[in-house]
Amino acid sequence: MDEQYDARIAALEAKVARLYEVLDLVEPSSAEAVAGSLPDGVQRLAREGRREEAIRQLLVDQGGSLKDAASRVTGFLRSIGH
């Protein structure tokens, strides 16, 4: 990324942190935030290395597109270091 984007992202992150502070809330980690958007069964399948099954289960549970479900499961796996 170039320096302009880095500066903009840093400014946005500072604003979000300030909002959490003003609202007296604890900012969730990225892993918690991502995990909170997926059903427990989908998370379990993904953690077990059953990515494709996790994607199918997410489609059954919440619908949406295959592309979106794959992106969400992949994002979850990245957030937990897989």
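Figured I'd write up the structure that's included with this text. Note that this is a predicted model, so its numbers are computed, not measured.

Looking now at a nonpolar patch on the surface. Where nonpolar side chains cluster on the molecular surface, the patch consists of Leu 19, Val 22, Leu 23 and Leu 25 and spans about 420 Å² of accessible area. Within the secondary structure, Val 22 is located in helix H1 (residues 3–22). Given a relative accessible area of 55%, Val 22 falls into the exposed group.

A word on the pattern of salt bridges. Under the counting rule described, the total for this entry stands at 4 salt bridges. Arg 18 is paired through a salt bridge with Glu 21; the nearest N and O atoms lie 2.8 Å apart. Separated by 3 residues within a single helix, Arg 18 and Glu 21 lie in helix H1, roughly one turn from each other. What makes Arg 18 partly exposed here is its relative accessible area of 46%. The salt bridge partner of Arg 44 is Glu 48, with a shortest N-O separation of 3.7 Å. Linked through salt bridges whose partners overlap, the residues forming this network are Arg 44, Glu 48, Arg 50 and Glu 53.

The rules we used
Residues numbered from 1 in each chain as written. Predicted model: local features only at pLDDT ≥ 70, side-chain atom pairs only at ≥ 80, totals over all residues. Heavy atoms only, no water. Patch = residues over 30% accessible without salt bridge, like charges linked within 9 Å, V, L, I, M, F, W, Y side chains within 5 Å. Areas by Shrake-Rupley, 256 points an atom, 1.4 Å probe, with all protein chains shown as cover. Salt bridge = Lys/Arg side-chain N within 4 Å of Asp/Glu carboxyl O. Helix = DSSP H or I, 4+ residues; strand = E, 2+ residues; numbered from the N terminus. Buried < 20%, exposed > 50% of the residue type's maximum accessible area, 1.4 Å probe, protein only.

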